[in-house]
Amino acid sequence: MPDLSEPVLEELRHLFTARALSGETMVLNMGPQHPSTHGVLRLIVELDGETVIRAIPDIGFLHTGIEKNMESKTYIKALVMTDRLDYLNNIGNNLVYCLAIEKLMETKVPERANVLRVLMAELQRIASHLVWLGTHSIDLAAMSMLLYCFRERDYIMDIFEMVSGQRMMTTYIRPGGVWRDVPAGFTEVVENFINYLPAKLDDYERLLTNNPIFKQRTQGVGYISAEDAVKWNLAGPSLRGSGVNFDVRKAMPYSGYEQYEFDVPLETGGDVYARYRCRMREFRESLKICRQALDKLKTTKGPFITNDRKVAPPPRSELGTSMEALIHHFKLWTEGFTPPKGEVYAATESPRGELGVYLVSDGTPKPARVHFRQPSFANLQPLNYMSENHLVADLVAIIGSVDIVLGDIDR
Amino acid sequence: MLNPEHVKKTVAALKEKFPETVQEVSEFRGETTVNVAKAAIAEVCRFLRDDAALDYNVLTDLAAVDYSPEEPRFGVSYILFSMSKMARLRLKVLVPEEDPEVPTVTNVYINADWYEREAWDMMGIKFAGHPDLRRLLMPADWEGHPHRKDYPLGYEEVQFSFNWREIDAKKPYAKE
């Protein structure tokens, strides 16, 4: 055990200015249990009065060793752990991991599965943005927003429960397709939601967008230029809020995103307000995609998972009559499938930005290495840079605006 | 859409500029991996970033891999991306177990900072010249590098009344 009476600051000495060592400025601890740090983020802040001089993030409080654990499981069983990474983007995590496996195995995904994947991923994006909107606004003292946003999010959770039986940890997307086809009555429920949300979004924009207090708290705060945003490799709305037009869905379309018509919202402000505007417009773009996907779903018939029995299990009905189906089923759930030796990188656009997975296969049924490139990790890195010479209250606004999820950062 | 032509151009340019350091070029599932000599990785990255015709302005990801029992044991993969040319390239350095030290790329790609700290923390690969190579995810006083293949997954032994004391004595929490 380390001697806790020793000042731990000694090894962090190089992170602070000389003024901190002479006692002129103050070094304080913020978090990890602070509600405004969106989880368990610990910040070590050097303050001159109320002005932030340094804000050093200390992460790892939510580290659960998911990447290491995945190496000890077969590809299909490891899929369940991806849900737990970014707990606001479960579908997206499933999707990127399955895309990597499919790239490795060269599996073709049926058209209907692709439509379902896009639809679910966009609903997940709306749900994630709703949580962001609620928590970000409550950080900036707009108290009622949290309740409104969680009320709306619950509709999406209900939809997920309807299709997968789970509200959060859905594991709905599987290698080669999706777990099941949608149940009866699904289209009506989603249609209702798509028609219901726009009016609510108008309400929220009325509450916040032109609100002088909200503008004062956000405009000019946490500015990052386009050049620096690229240099720090910010992702998603944080990048596009600085005017860099990059969206993985447009740049490297996956799951048939090239067939959908949508815009990538772009703002040039580069501050907290610009990121807010960007995400608010993304809500409507996602709704647009959902509507198109729903129309597509009505016309696209066919299987919802690949017929390749080496990747996906056979349907339940075949097990009673077909010996081969039984063998495939048994082999898949005991040994799993064996991709060829090689390394792939697959990328998707999660609600927070580019979510990638770097998958190394050594030719055994278990992945040799899974590394997730998480957008939250990339977005949190420049926090010190972005929050310099801001007030402590602004620091809270900046953390909210880059929309971090600690489960995503710590894995 | 990704541009595979640009990747081919890059590989040709790399081979011309660094004939010794570029060791092996492999292609798998449409992705190109270039194996680079360990000592020259920062130099190669700087060339790829600064050459206006190549313009790899982003380091998307950096990951350390434990290839054991293969030799050399470790590998570090750098996934580079060019936003203007829409090209993705993977650089890889192989790192032997006896000398797990790689030059840092933080002075080329500023965001490599945390990725390299994570690789040090989890895989025990030192990045020479890194300004602040502390542990990132594990506690500062942690021993070992948990993502290595020889590091056990770990679990808590179940205590029953008959072996309570025996297991309790081995538990790592603070005692009187």
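Rules behind the numbers
Residues numbered from 1 in each chain as written. Chains lettered and ligands numbered in written order. Predicted model: local features only at pLDDT ≥ 70, side-chain atom pairs only at ≥ 80, totals over all residues. Heavy atoms only, no water. Domains from an automatic or database assignment. Contact = heavy atoms within 4.5 Å. Buried area = accessible area lost by both parts, 1.4 Å probe. Salt bridge = Lys/Arg side-chain N within 4 Å of Asp/Glu carboxyl O. Polar contact = N/O pair within 3.5 Å; in protein donor to acceptor, adjacent residues only side chain to side chain. Core = buried A, V, L, I, M, F, W, Y, C linked by side-chain atoms within 4.5 Å. Buried < 20%, exposed > 50% of the residue type's maximum accessible area, 1.4 Å probe, protein only. Helix = DSSP H or I, 4+ residues; strand = E, 2+ residues; numbered from the N terminus. Expected span 1.5 Å × (residues − 1). Arc of directions from axis to C-beta. Pairing = 2+ DSSP bridges. Axes fitted to C-alpha atoms, helices over the stretch in contact; angles between N-to-C directions. Phe/Tyr/Trp six-rings, centres within 6.5 Å; stacked < 30°, edge-to-face > 60°. Lys NZ or Arg CZ within 6 Å of the ring centre and 35° of its normal.

Asks: For this particular structure, what's the right way to read the domain arrangement of chain A?
Replies: By a frequent convention, interface size equals the accessible area lost on bringing the separate parts together. All names here are of chain A. Partitioning chain A into structural domains gives domain 1 (6-58) and domain 2 (66-385). For domain 1 and domain 2, the distance between their C-alpha centroids amounts to 34 Å. Contacts between domain 1 and domain 2 engage nine residues on the former and seven residues on the latter. A buried area of about 550 Å², summed over both sides, lies between domain 1 and domain 2, and 59% of it is on carbon and sulfur atoms. Among the residues of domain 1 in contact with domain 2, His38, Ala55 and Pro57 are the three that bury the most area, contributing 59% of the side total. At the boundary of domain 1 with domain 2, the tally comes to zero salt bridges. Applying the counting criterion to the domain 1 and domain 2 interface returns one residue pair in polar contact (both at pLDDT 80 or more).

Asks: Could you clarify how one ought to interpret the nonpolar core in this entry?
Replies: As a rule of thumb, soluble globular proteins bury nonpolar side chains together. Leu133(A), Phe186(A), Leu14(B), Leu48(B), Tyr78(B) and Leu91(B) are the most contacted members of the largest nonpolar core, which has 169 residues in total. Taken domain by domain, the makeup of this core includes at least three residues from each of domain 1 (6-58) and domain 2 (66-385) of chain A. Apart from the residues lying within four places of it in its own chain, the contact partners of Leu91(B) are Leu14(B), Val34(B), Val36(B), Ile41(B), Val44(B), Cys45(B), Leu48(B), Val76(B), Ser77(B), Tyr78(B) and Leu80(B). Listed in part, the six residues of the second largest apolar core include Leu12(A), Leu15(A), Phe16(A) and Ile56(A).

Asks: Looking at this model, I keep getting lost on helix α14 (residues 323-334) of chain A. Mind explaining?
Replies: The α-helix winds at 3.6 residues per turn, so residues separated by three or four positions along the chain end up facing the same way. Residue and element names in this part refer to chain A. Over its twelve residues, α14 runs 17 Å from end to end, which matches the ideal 16 Å to within 8%, given 1.5 Å per residue. The set of residues buried in α14 consists of Ala325, His328 and Leu332. Viewed end-on, α14 has its buried residues packed into an arc of 65 degrees, placing them on one side of the element. When the buried face of α14 is taken as reference, the exposed residues oriented beyond 90 degrees from it are Met323 and Phe330. Structurally, the start of α14 carries an N-cap: the backbone nitrogen of glutamate 324 is 3.4 Å from a side-chain oxygen of serine 322. Glycine 336 lies just past α14 and shows a positive phi near 85 degrees.

Asks: I tried to follow the sheet that holds strand β3 (residues 51-58) of chain A on my own but got confused; where do I start?
Replies: What holds strands together in a sheet is hydrogen bonding between their backbones, with the strands either parallel or antiparallel. Residue and element names in this part refer to chain A. The antiparallel open sheet is built from three strands, whose spatial order is β1-β2-β3. Since the sheet does not close on itself, it has two edges, and those belong to β1 (26-30) and β3, each with one partner. Ignoring strand direction, the axes of neighbouring strands in this sheet form an average angle of 25 degrees. Sheet strands touched by helix α17 (residues 392-401): β1, β2 (42-48) and β3. Its angle to β2, the strand with the most contacts, is close to 150 degrees.

Asks: In this structure, what is going on with the packing of aromatic side chains? I would like to understand it.
Replies: Given two aromatic rings, one states the distance between the centres and the angle between the planes to describe the pair. Taken as a whole and assessed by the stated rule, the structure comprises 17 aromatic pairs over all chains. When the ring of Phe377(A) is compared with that of Tyr115(B), the centres are 5.1 Å apart and the planes differ by 50 degrees; the resulting orientation is tilted. One end of the pair, Phe377(A), is in helix α15 (residues 375-380); the other, Tyr115(B), is in helix α3 (residues 112-123), on a second chain. Of the residues examined, Tyr115(B) reaches a relative accessible area of 1% and is grouped as buried. Above the plane of the ring of Phe262(A) lies Lys250(A), whose end atom (NZ or CZ) is 4.2 Å from the centre.

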